[in-house]
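# Architecture at a glance
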Amino acid sequence: NIKKTITSIVDSYAEQGHVIIVGRAGCVIAKNIPKSLHVRLTAPFDWRVRRINERFQNGEIAARKQVVEIDEKRKLFMAFFKGDKPDSELFDVVFNRAKMTEEEIVESILLLAKSRNIV
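The structure reproduced in this document is the subject of the present report. (Residues numbered from 1 in each chain as written. Predicted model: local features only at pLDDT ≥ 70, side-chain atom pairs only at ≥ 80, totals over all residues. Heavy atoms only, no water.)

## Let's talk about the overall build of the protein chain
As a reminder, the rule being used: Secondary structure elements are defined from DSSP: runs of H or I of at least 4 residues count as helices, runs of E of at least 2 residues count as strands, and each element is numbered from the N terminus. Relative accessibility decides the category of a residue: with a 1.4 Å probe and only protein chains considered, values under 20% of the type maximum give buried, values over 50% give exposed, and everything between is partly exposed. Note on definitions: a residue-residue contact is assigned when non-hydrogen atoms from the two residues lie within 4.5 Å. Here the accessible surface of atoms and residues is derived via Shrake-Rupley with a 1.4 Å probe, and residues count as covered only by protein chains that are part of the display. In summary, the charge assignment counts Lys and Arg as positive and Asp and Glu as negative, without counting His or the chain termini. A single reference atom marks each charge: NZ on Lys, CZ on Arg, CG on Asp, CD on Glu.
On a plain count of helices and strands, the protein chain comes out with five helices and two strands. The order of α-helices and β-strands along the protein chain, N terminus first, is α-α-β-α-α-β-α. Here the C-alpha coordinates of the protein chain stretch approximately 45 × 40 × 25 Å along the principal axes. Within the protein chain, buried positions represent 22% of all 119 residues. Residue pairs in contact within the protein chain that sit at least 24 positions apart in sequence constitute 57% of those at least 6 positions apart. With the model as given, the accessible surface of the protein chain reaches about 8,900 Å², and the carbon-plus-sulfur share is 54%. Distance between charge centres in the protein chain, computed from 21 positive and 16 negative side chains, equals 3 Å.

Structure follows, in structure tokens:
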């Protein structure tokens, strides 16, 4: 029932168009929508720990624990929807946040969306 409910909600938004779905297995649920762009943001573990520590300022040990917990929850949630399908089949493009600025990523996504006549 949980999977069916999440799929129904995400799919209804995706079908409407002009939406950004962050997480929630959107890349799996909305994979057959022609005017879509599936983006994955990634970054090395230590970079994510530094960002969490800067944001919440509760120490490096707590930040490391939080990143590990987030990774595990995300992994379990995605496995629930995608099964054994490799990530390389789910996303159109992957950006490494440690290598690109937010502005560069946004500009790249916008350029890709324009080239696909999505915006």
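## Structural notes on unusual backbone geometry
The backbone of H18 sits at a positive phi, close to 55°, despite the residue not being glycine. On the secondary structure map, H18 appears in the loop between α1 (2–16) and α2 (26–29). Here H18 falls in the exposed class, since its relative accessible area comes to 80%.

## Brief notes about a nonpolar patch on the surface
The condition that has to hold: A residue counts toward a patch only above 30% relative accessible area and without a salt bridge, and it is joined to like-charged neighbours within 9 Å or, for Val, Leu, Ile, Met, Phe, Trp and Tyr, to nonpolar neighbours within 5 Å. Take a side-chain nitrogen of Lys or Arg and a carboxyl oxygen of Asp or Glu: if they are within 4 Å of each other, that pair is a salt bridge.
Residues I9, Y13, V19 and I21 make up a contiguous nonpolar surface patch of roughly 340 Å² in combined accessible area. Inspection of the secondary structure assignment puts I21 in the loop between α1 and α2. By relative accessible area, I21 is classed as partly exposed at 31%.

## Digging into the pattern of salt bridges
Overall, the coordinates contain six salt bridges when judged by the stated rule. R48 is the partner of D71 in a salt bridge, and the nearest nitrogen-oxygen pair spans 2.5 Å. Taken together, the positions of D71 in helix α4 (residues 60–82) and R48 in helix α3 (residues 45–56) put the pair 23 residues apart, joining distant regions of the chain. On the accessibility criterion, D71 (25% relative accessible area) is partly exposed. Note that E102 is salt-bridged to R97, the shortest N-O span being 3.1 Å. One salt-bridge network, held together by shared partners, links D46, E60 and R64.

## So, the side chain of H38
This is how it is decided: Definition of a polar contact: a pair of N or O atoms within 3.5 Å, with one able to donate and the other able to accept a hydrogen when the atoms are protein atoms, and with sequence-neighbouring residues admitted only if both atoms are side-chain atoms.
Within the element layout of this structure, H38 appears in the loop between α2 and β1 (39–42). Take H38: its relative accessible area is 11%, and that puts it in the buried class. In this structure the side chain of H38 is engaged in a polar contact, spanning 3.2 Å, whose partner is the side chain of S36. In this view, H38 contacts G26, C27, A30, K31, L90, F91, D92 and V93; residues no more than four positions away in its chain are not counted.

## Re the packing of α1 against α4
Note the cut-off: Think of each axis as a best-fit line through the C-alpha atoms, taken over the contacting stretch in the case of a helix, with angles from 0 to 180 degrees between the N-to-C directions. Here roughly perpendicular refers to angles of 65 to 115 degrees, roughly parallel to angles under 35, roughly antiparallel to angles over 145, and oblique to all remaining angles.
Put simply, α1 and α4 touch, their axes get as near as 11 Å, and they point 85° apart. Between α1 and α4, the angle falls in the class roughly perpendicular. Judged by residue contacts, K3, I6 and T7 of α1 engage F77, F80 and F81 from α4.

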